[in-house]
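Chain residues, written in single-letter form:
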Amino acid sequence: MDEILDGLTQIDCDILVIGGGTAGPMAALKAKKKNPKANVVLLDKANVKRSGAISMGMDGLNNSVIPGYATPEQYTKEITVANDGICDQAAVYRYAQECYGIIQELDDFGIRFQKDQNGEYDVKKVHHIGTYVLPMPNGDTVKKALYRQLRKARINIVNRYMATRLLTGEGRIAGAVCVNTRTAEFLVVRAKAVIMGLGAAGRLGLPTSGYLYGTYENASNSGEGYAMAYHAGAGLANLECYQINPLIKDYNGPACAYVAGPMGGYTANAQGERFIECDYWSGQMMQEFYDELQGGKGPVYLKLNHLAEETISEIERVLHIVERPTRGHFHKGRGTDYRKQMIEMHISEIGFCSGHSASGVFVDEHARTTIPGLYAAGDMANVPHNYMLGAFTNGAFAGLDAADFIADVDFAAFDEAEVEAERTRVLAPTKRDDGIPPNQIEYKTRRLVNDYLQPPKVTAKMELAQERFEEVREDMEQGMYVRDSHELMRALEASSILDCADMAASASLYRTESRWGLYHNRVEYDRDDENWFCHTILTKGDDGKPAHRKQEVKPYIVEIAEDEKDAYNNQRVGASVAAE
Amino acid sequence: MPLAQTATTVPVTVNADLCIADKGCTVCVDVCPLDVLRIAETEDGSKTAYMKYDECWYCMPCEADCPTGAVTVNLPYLLK
Amino acid sequence: MSGLFEDFDDIADLAEGLDDPVPGARIMAVIDLTDSADPAAIPHLARAIADEDAGVRKQAAQGLTDFDGPEVAAALVSALTDPDPAVVAAASVSLTELKDPTSGDAILPHLGDANEVKLTACLAGIKELRRPEAMTPAVAALKHAAPGVRAQAVGVIGWLQDETSLPALQEAAHDTDVNVRRTALAAMGFSQSEAAQSALIAALTDPEWIVREAAAETLAKSGGPSCIPALRGALADDYWQVRLKAVRSLGKLGATEAAMEIAPMMDLPVPNLRKECAAVLGELAVPATASYLKKYADDNDPDVRKNVRWALERMAA
Ligand SMILES: Cc1cc2nc3c(=O)[nH]c(=O)nc-3n(C[C@H](O)[C@H](O)[C@H](O)COP(=O)(O)OP(=O)(O)OC[C@H]3O[C@@H](n4cnc5c(N)ncnc54)[C@H](O)[C@@H]3O)c2cc1C
Ligand code: SF4
Ligand code: SF4
């Protein structure tokens, strides 16, 4: 294993789904169910059985809209407000309307959601207005259950192939180029439609631990989805709205206020007092977190030590079994106990992820990107704050729409030279006798991301970042060296990471205002609704560098009354920074 | 510019006495999302899984899915 | 390129591995059979669950989680008396993953089993299948000596949501075991009957706080106007957790008469409780409480502030 082999295979399919994490499997299942004759291929860089963010399970749905607990209107309103108004509501609203059906379907798959002692869904209140959190006591079964469905539906699964570039032709999608991560052999897939579910760009900033894989996101999600969409000419929306998370320091995993919250736990400052005003995990919330740290009231903690033993053991049971089960090991190693101490938290490095913020490939309410036949869903598509259930639901939308799309089209012809060019690019690091290994290229890129792009954002720093990235790119293109196909995978990831870093800097410089709290806190600019109440769309320009345009926010479906906006704004602390 | 050999301690260990890679098991290698585990031949000619690349998300499928309980996931030293 | 796609191997071929003399190889065969997700694998896994090697049996018990139906349930039930505790544990977990109500056919006959571990697992397995036939044996199991069995039995009864079971639940609400009492009270949430209400009210004076908490919480669903006085009494509980649930339930029940008792609780030092009080005062919207709320418009705790503001706005509206 791992030696570099020379080989290229071409296959055809109706629908190629790239990424078998959360959105991808659901897309494949829905497409296949709608059109059983369709040849659906699900391809993943890892093994679909245990790939993606939910690899070990999840401890709850953060944003379930269940009749009787919340309405689609309420949800849409909250997401719009949490996203500072920059939101095409159609996709959010459709999600809110249809996600309950997906919950029931997942339940039928054998995925467990918390039920009360009468067998009814046990939804927990976290947010101020609606009630959205549905715990998953046996959340460790989620991936297993999905995999079982894929096998039953006889979806063609391809593991350990990494997609590197999309192919287009005749103004629409034509397929994708993929590389085997263990042999470096190529696979060219011709497809009538392609659905991307490659997850977040989780390896963009460098964790403070300095460990490249010590990320919040599954570290196999290195931003290829974003890079591939970019190179194919698709539009990417609001990339400057970074993902930044409140995490357990060093462990860099979720603190899970969502789990602990309904049971009485909360995020506290060094005095043990709550300080977060914001209801929803958002840039505003992260700004408040940042201000507390800067204001000398930190460190910030997850506080549980005021709770009763019975409650704490219940919280431990949930938090240490599913989602990030090594969390228990971490606390044990540190000698920290929820009963005795508060648990130190910190602000994560940056990433792209719409699942938690809004930075993603632009899609509409059918998960269509700006390229006909190309779909995106989950963390890499720009439906804001959509989390796991959003990945499932929007994945379903993509699958359903793609099943229709392929009915009327044949394969688009593409330029064979594109494949040849990609082969040359991919294999370049294998053709050298020595040079810079990918881990150093990656480390340097990500360290520069921390130095210059981590908010608050400063123009001069971001411009410096661009200069440094140019230098790293030169090194990468001229001098990167790999010894085996595993390292080649890392080299390709390093290239996606650098693409994302470029896009992050460029998108942030374009929007000359502050918005989304800490996510896009540009110290030199205030919020400017007059000029910037719009999406920013990034595409690949003719010069091969990011190009930008503004795009109108579509008229709201659910009106947000002035006083409702105020009600929310009033709840915020007087902002100490330019964000407001 | 030759490459240096910098040592790192890896977070995942395998108990060779329990590992049944000999019998064709590759479960941990298959499920790892970062693809960092491999099977090695030991000195006595038997096979065992081991961590080849120090690129671990400390996520645990390798440990959870191993049929014999041979795998132990520790936290990478840098963030312990 | 062969091996590009995941295989859909012939089940009979995979099953041949179960005859390998080496246990490790049989474990691999079990894993392959499981991954097939093909119901044709079930009889083979059922065979493997009786293998001579405990590792194989455990893997088979785990693997059967991926399947459903009476045959699966029967195989899992048979593994509940395995000499190896790891096999029993795996089979118990797999039983709770069954969804198909007909799987219950294989479990129902065992709901009176003398083996405590087996009985517990069978009750846990039948719960989500919601088989009405399980009611009688579950009620009988409430008399079992082991609290774990009784707690599972309560679970079965609660999921059946049958008013005729209330006397049994009422009795369970007086169980000697805390967890049984708590579960029994929560299980009454489906009923607004007098029987449920009186049991819940009585439990508000239980010696254990988590039982009182469960009672106070469940009254939000089961309670009616007649429960309000008892809930008002619970506002003076020693535990803030109980008070919090009482406040919430009073809000749900629209108990405006309790508002002036809830309002002074805003002075207490527990932020979680004050937060809840403010929200409920908003729901009840009794003007006389406004002065208490206003006092805390600048509370140190942002969640309290927020709820106070929201409550005052509601009153103004
Ligand atoms: C630690 C953590 C905790 C979370 N907790 C919660 C929670 O409690 N509740 C909640 O609702 N949400 C939660 N989320 C969010 C939720 O899990 C994600 O939003 C959702 O799973 C994203 O799904 P996805 O399909 O977009 O990405 P993923 O599920 O991550 O899938 C991406 C897939 O793409 C594959 N891939 C990547 N690159 C390539 C490539 N080049 N070629 C081929 N395949 C590739 C990966 O291997 C992976 O399988 C959490 C996320 C994390 C990371
Ligand atoms: S899963 Fe366990 S038994 Fe199998 S190869 Fe890995 S360590 Fe060995
Ligand atoms: S913990 Fe996760 S990343 Fe690390 S070796 Fe195991 S499966 Fe791979």
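For clarity, every value in this text was computed on a predicted model and none was experimentally measured.

Basis of the calculations
Residues numbered from 1 in each chain as written. Chains lettered and ligands numbered in written order. Predicted model: local features only at pLDDT ≥ 70, side-chain atom pairs only at ≥ 80, totals over all residues. Heavy atoms only, no water. Near = heavy atom within 4 Å. Nonpolar A, V, L, I, M, F, W, Y, C, P; charged D, E, K, R; others polar. Core = buried A, V, L, I, M, F, W, Y, C linked by side-chain atoms within 4.5 Å. Buried < 20%, exposed > 50% of the residue type's maximum accessible area, 1.4 Å probe, protein only. Domains from an automatic or database assignment. Contact = heavy atoms within 4.5 Å. Pairing = 2+ DSSP bridges. Helix = DSSP H or I, 4+ residues; strand = E, 2+ residues; numbered from the N terminus. Buried area = accessible area lost by both parts, 1.4 Å probe. Salt bridge = Lys/Arg side-chain N within 4 Å of Asp/Glu carboxyl O. Polar contact = N/O pair within 3.5 Å; in protein donor to acceptor, adjacent residues only side chain to side chain. Axes fitted to C-alpha atoms, helices over the stretch in contact; angles between N-to-C directions. Parallel < 35°, antiparallel > 145°, perpendicular 65-115°, else oblique. Expected span 1.5 Å × (residues − 1). pLDDT = per-residue confidence, 0-100.

**Let's talk about the site of ligand 3**
Neighbouring ligand 3 are 14 residues; Cys-32, Cys-56, Cys-59, Met-60 and Cys-62 of chain B lie closest to it. A breakdown of the residues in the shell around ligand 3 according to their chemical character gives 14 nonpolar, no polar and no charged.

**Details of the nonpolar core**
Ranked by internal contacts, the top residues of the largest apolar core, which has 317 residues, are Leu-16, Ile-18, Leu-166, Phe-352 and Leu-453 of chain A together with Ile-107 and Ile-262 of chain C. A domain-level breakdown of this core finds at least three residues from each of domain 1 (246-347) and domain 2 (425-552) of chain A. Beyond its immediate stretch of four places on either side in the chain, Leu-16 of chain A contacts Val-41, Leu-43, Ala-176, Val-189, Ala-191, Ala-193, Val-194 and Ile-195 of chain A.

**Thoughts on the pairing of strand S3 (residues 47-51) of chain B**
All names here are of chain B. The sheet contact formed by strand S2 (residues 37-41) and S3 spans five bridges and is antiparallel. The residue bridging Ala-40 from the neighbouring strand is Thr-48, located in S3. From the end of S2 to the start of S3, which pair antiparallel, there are five residues, and Gly-45 there has a positive phi angle of about 90°.

**Section: the pairing of strand S17 (residues 546-552) of chain A**
Residues and elements named next belong to chain A. Two elements, strand S16 (residues 534-540) and S17, share seven bridges in a ladder whose sense is antiparallel. Considered in S17, the bridge of Ile-537 is made with Arg-549. Turn length for the S16-S17 hairpin, with the two strands adjacent in sequence and antiparallel, is five residues, and the turn residue Gly-544 shows positive phi of about 80°.

**Quick notes on the interface of chain B and chain A**
Residue-level contacts link 30 residues of chain B with 41 residues of chain A. The contact between chain B and chain A buries some 3,100 Å² in all, and 56% of this surface belongs to carbon and sulfur atoms. Contact with chain A buries area across many residues of chain B, yet Leu-3, Trp-57 and Tyr-58 of chain B alone supply 23% of it, more than any other trio. The salt bridge partner of Asp-65 of chain B is Arg-50 of chain A, with a shortest N-O separation of 2.7 Å. Linking chain B to chain A there are 24 residue pairs in polar contact (both at pLDDT 80 or more). Listed by contribution, the elements that provide at least two residues to the side of chain B that touches chain A are helix H1 (27-31) and helix H2 (61-65) of chain B. Here the residues of the side of chain B that touches chain A sort into 22 nonpolar, no polar and eight charged.

**So, the packing of helix H16 (residues 240-252) of chain C against helix H18 (residues 271-284) of chain C**
Residue and element names in this part refer to chain C. Where H16 meets H18, the closest approach of the two axes is 9 Å, and the angle between their N-to-C directions is 10°. Comparing the axis directions of H16 and H18 gives the class roughly parallel. In this structure, H16 uses Trp-240, Arg-243, Leu-244, Val-247, Arg-248, Leu-250, Gly-251 and Lys-252 to contact H18, whose residues at the interface are Asn-272, Leu-273, Glu-276, Cys-277, Val-280, Glu-283 and Leu-284.

**What to know about the environment of Val-14 of chain B**
Residues and elements named next belong to chain B. Inspection of the secondary structure puts Val-14 in strand S1 (residues 12-14). Classification of Val-14 as partly exposed rests on a relative accessible area of 22%. A sequence separation of 55 residues divides Val-14 from Gly-69, and the C-alpha atoms of the two residues are 9.0 Å apart. Once residues within four sequence positions are removed from consideration, Val-14 is found in contact with Cys-19, Thr-48, Ala-49, Tyr-50, Ala-70 and Val-71.

**Here we look at helix H1 (residues 23-34) of chain A**
Working note: α-helix, 3.6 residues per turn, so residues spaced by three or four point in the same direction. Residue and element names in this part refer to chain A. The end-to-end C-alpha distance of H1 is 17 Å, a good match for the 16 Å that 12 residues give at a rise of 1.5 Å each. Burial within H1 is extensive, with 10 of its 12 residues counted as buried. The secondary structure elements touched by the buried residues of H1 are strand S1 (8-18), strand S2 (40-43), helix H3 (89-109), helix H4 (142-152), strand S8 (186-196) and helix H10 (387-405).

**Focus: the pattern of salt bridges**
Under the definition given, this model contains 74 salt bridges over all chains. Linking Asp-12 of chain A and Arg-190 of chain A is a salt bridge whose minimum nitrogen-to-oxygen distance equals 2.9 Å. Placement of the pair is Asp-12 of chain A in strand S1 and Arg-190 of chain A in strand S8, with a sequence separation of 178 residues. Judged by its relative accessible area of 35%, Asp-12 of chain A falls in the partly exposed class. With a shortest N-O distance of 2.7 Å, Arg-181 of chain C and Asp-206 of chain C are connected by a salt bridge. In this pair, Arg-181 of chain C is assigned in helix H12 (residues 178-187) and Asp-206 of chain C in the loop between helix H13 (194-203) and helix H14 (209-222), connecting sequence segments 25 residues apart. Salt bridges sharing common partners tie together Lys-45, Arg-203, Glu-224, Glu-442, Arg-446, Arg-490 and Glu-493 of chain A together with Glu-55 of chain B.

**Considerations on the confidence of the model for chain C**
Residue and element names in this part refer to chain C. In the predicted model, chain C carries a mean pLDDT of 95, and the fraction of residues at 70 or more is 99%. Across chain C, element-level confidence peaks in helix H5 (residues 70-79) with a mean pLDDT of 98 and bottoms out in helix H20 (residues 302-316) with 90. Confidence metrics for the complex model read pTM 0.94 and ipTM 0.96.

**Regarding the interface of chain A and chain C**
Each partner contributes to the interface: chain A provides 48 residues, whereas chain C provides 46 residues. Counting each side, the surface lost to burial between chain A and chain C is near 4,100 Å², with a carbon and sulfur contribution of 44%. For chain A, the biggest contributors to the area lost against chain C are Gln-117, Arg-151 and Arg-274 of chain A; these three give 20% of the whole. The interface formed by chain A and chain C holds 11 salt bridges in total. Between Arg-148 of chain A and Asp-66 of chain C there is a salt bridge, and its shortest N-O distance comes to 2.9 Å. Remark: the boundary between chain A and chain C carries 25 residue pairs in polar contact (both at pLDDT 80 or more). Elements with a contribution of two residues or more to the side of chain A that touches chain C: S1, H4, strand S5 (156-158), S8, helix H8 (309-321) and helix H16 (562-570) of chain A. Here the side of chain A that touches chain C gets five residues from one element, more than from any other, and that element is H4 of chain A.

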